[in-house]
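Chain by chain, the residues run as shown.
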Amino acid sequence: MLYYKLAFAVLFLPAVMILYQIIPKKYRWSALLLGSMAFYSTFGVKIFIYPATAAVVTYLIGIWLEKLDKNRSEALKAVAAENEDGSPKSKDEIKKEKAGIKTLYTRRSRAALGLGVAALLLVLLYLKYSNFFIENINHILEASGSEKQFSLKDIILPLGISFYTMQAIGYMADVYWKKVKAERNPLKMLLFLSFFPTIVEGPIASYTDTHESLFSGEPLDPDNVIQGFIRLGWGVMKKLVIADRLYPAVNTLFDMSRDPHGAEIAAAAILFTVMEYMDFSGCMDMVVGCGRIFGVKLPENFKQPFFARNASEFWRRWHISLGVWFKTYIFYPVSMSGLAKKWGKFSKDRVGKHTSKMVASAMALLPVWLCNGLWHGPKWTYIFYGVFYFVIIMIELIFEPLGDKLLERMKLTRENKAVDIIRILRTWIVIFAGELFFRAETLTDGFKMFGRMFSGFRLSILWNGTALGWGLDKADWIVILFSLLIVIVVNVMREKGTDVAAGLLQKPLVLRWALAFGLIFIVLIFGLYGPGYQEVDLIYAGF
């Protein structure tokens, strides 16, 4: 059962809402937990053991870290009290003793955090990447002439493992950094990690993002309910009317047996990017809408990404929660690591300020983008995708001063409308190129398609009927283009600062319900479902 299924909207969600509302406020969070367990169990009862185990590990590590911090404070207070009682120790001895206590408990806390992170990552690596490692080892053995081959493992990947693992690691790190207090109820920890709207595709919420609204038990608010259902319907429209309708064309265009060239490959990259955006952002609309119904404000995962002026800005607008997680738990720690500090001292008087900054940036960005690629899945195309953005962002950083000087000589600024449009279009090229490799079946196919894009480029495919051979008829293209126009208008409004959700609240109740039912009718009339329809899985549910 997924968010765009009829059973979810008319049976599951109303049932959870009723249960939530009739339970006393103090225990309403338990209704969300029961709903989450029921939702997850529709994909397999047995696999729920994985998020449950992750919750137990996360809960215990959090309690352990807080206990170690308490013991550290008590030990330091004991030394201070001993000094006040007239201890014969000198000030230097007392200072040294305090430093020793801090060092001891810092090591113990790091060990506890490391144990928790390692436990979760080992499970993730085994379930998600073991066959990838085995396949590559077999390729190496075959290339070396060995007949030895390892058998692939029959593994069922638990739903949402990448998402709840990152949330769990973030929570433990936040407790270690004393950003949050350890959760004392293991069942509430389970709810935080497995909340049914976020378990499939995220967003990757931090504990500070959701814990208050998840556990507060505030009653259902009519405004939240109507806004939540409108947002849910908006996401379903993007998924069933646009993304799923593009699926046959994308599959056809990425079929290398057709020997695609030029404009067809460019179309493949563009259409897949549109499909992926509508699929993923549509799911996020459904997720945020479901959370809103229960008064849970989940972090937004998209902010008009196609208005980005460079690759860095694109990733601040696309899959925002993933970028924030990498920045918080990888980029900043690496930036503040001993290696980074050593480089800062070494480069201070040896290289230029710009070069020093670029090397430091590369040191912190490389692990971020390698992890970004690996996070998406066990494929070399995903790893290349991460490295691709690392290279592009480094190029942008290196040549940024040169670009500013060029604009200055031309008496232009970045805010100039023409410059702005050129920067956006340039970023589109980067986005489409990256998505071409992301979607390619193999890295070899990706390079072949990229090379062929520059041969036989005929724009006539747009009007000579070629596009009708991609599995879509004229009616399909009309529905896609019209629906895309609606999405573009809404995104332009948001980019200009119009709060569409707040605007809805100002409209009469009748108009709000009319909009909700209008979205329902659009989905019913133009959505793809029912007999003969090939169901298209949510793209990011596989990550």
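Reference entry: report on the structure contained in this document. Position labels on residues start from 1 in each chain and follow its written sequence. Totals for whole chains, interfaces and linings use every residue, but because this is a predicted model, local features are given only for residues with pLDDT of at least 70 and side-chain atom pairs only at 80 or more, for both listing and counting. Side-chain calculation: all heavy atoms of the structure are included, whereas hydrogens and water are not.

1. Quick look at the overall build of the protein
Note the following rule: Helix and strand definitions follow DSSP, with helices as H or I runs of at least four residues and strands as E runs of at least two, each counted in order from the N terminus. For the radius of gyration, the atom set is restricted to C-alpha positions; the globular benchmark scales as 2.2 Å times the number of residues to the power 0.38. Three exposure classes are used, based on accessible area relative to the maximum for each residue type with a 1.4 Å probe and protein chains only: buried under 20%, partly exposed in between, and exposed over 50%. Computed by Shrake-Rupley with a 1.4 Å probe, the accessible areas treat only the displayed protein chains as cover when residues are assessed.
Broken down by element type, the protein carries 19 helices and zero strands. Computed over C-alpha atoms, the radius of gyration of the protein comes to 26 Å, within 12% of the 24 Å expected from 2.2 N^0.38 for 543 residues, which places it in the range of a compact globule. Here the C-alpha coordinates of the protein stretch approximately 95 × 65 × 65 Å along the principal axes. Out of the 543 residues belonging to the protein, those deemed buried represent 47%. Taken as a whole, the protein presents about 27,900 Å² of accessible surface, with 65% of it coming from carbon and sulfur.

2. Some remarks on unusual backbone geometry
What you tend to see is this: most non-glycine residues have negative phi, and most peptide bonds are trans. Residues Gly202 and Pro203 are joined by a peptide bond in cis, for which omega reads 10°. For Pro203, the position within the fold is in the loop between helix H6 (186-194) and helix H7 (207-216). Of note, the phi angle at Lys178 is positive, near 65°, even though the residue is not glycine. A residue is classified by how much of its surface remains accessible, and Lys178, at 53% relative accessible area, is exposed. Positive phi, normally seen in glycine, also occurs at Asp259, with a value near 55°. Residue classification places Asp259 among the partly exposed residues on the basis of a relative accessible area of 39%.

3. What about the side chain of Ser281?
What counts is decided by this rule: Side-chain atoms alone can form a polar contact between residues adjacent in sequence; in general such a contact is a pair of N or O atoms within 3.5 Å, and within protein one must be able to donate a hydrogen while the other accepts it.
Structurally, Ser281 can be placed in helix H9 (residues 262-293). The buried category is assigned to Ser281, whose relative accessible area is 3%. Within polar-contact distance, the side chain of Ser281 engages the side chain of Lys238 at 3.0 Å. In this structure the side chain of Ser281 is engaged in a polar contact, spanning 2.5 Å, whose partner is the backbone oxygen of Tyr277.

4. So, a nonpolar patch on the surface
Note the threshold: The patches described consist of residues with a relative accessible area above 30% and no salt bridge, like charges being joined within 9 Å and nonpolar side chains (Val, Leu, Ile, Met, Phe, Trp, Tyr) within 5 Å. We define a salt bridge as a contact between a side-chain nitrogen of Lys or Arg and a carboxyl oxygen of Asp or Glu at a distance within 4 Å.
Residues Leu509, Trp513, Phe517, Ile520, Phe521, Ile522, Leu524, Ile525 and Phe526 make up a contiguous nonpolar surface patch of roughly 890 Å² in combined accessible area. Summarising the element assignment, Phe517 is placed in helix H19 (residues 509-526).

5. Details of the packing of aromatic side chains
Note the threshold: Ring pairs are drawn from Phe, Tyr and Trp, using the six-membered ring of Trp, whenever the two centres fall within 6.5 Å, and their geometry is named by plane angle: stacked under 30 degrees, edge-to-face over 60, tilted for the rest. Here, over-ring charges are defined by two tests on the NZ atom of lysine or the CZ atom of arginine: distance to the ring centre within 6 Å, and angle to the ring normal within 35 degrees.
Overall, the coordinates contain 54 aromatic pairs when judged by the stated rule. Between Tyr20 and Phe294, the ring centres sit 5.4 Å apart and the planes meet at 75°, which makes this aromatic pair edge-to-face. With a gap of 274 residues between them, Tyr20 in helix H1 (residues 6-22) and Phe294 in the loop between H9 and helix H10 (311-317) connect regions that are remote in the sequence. There is no split in this pair, since Tyr20 and Phe294 are both buried. Sitting over the face of the ring of Trp375, Lys128 holds its NZ or CZ atom 5.6 Å from the ring centroid. Across from the ring centre of Phe150, 5.0 Å away, lies the NZ or CZ of Lys148, which sits over that ring.

6. A word on the pattern of salt bridges
Any two side chains of opposite charge can pair, so long as their charged atoms come close to each other. Taken as a whole and assessed by the stated rule, the structure comprises 19 salt bridges. In this structure, Arg309 and Glu313 form a salt bridge, with 3.9 Å as the shortest nitrogen-oxygen distance. In this structure, Arg309 and Glu313 share a single accessibility class: buried. Residue Arg317 pairs with Glu495 through a salt bridge whose shortest N-O separation is 3.0 Å. Of the two residues, Arg317 is situated in helix H10 and Glu495 in helix H17 (residues 474-495); the sequence distance between them amounts to 178 residues. Within this structure, Arg309, Glu313, Arg317, Asp420 and Glu495 form a network of salt bridges that share partners.

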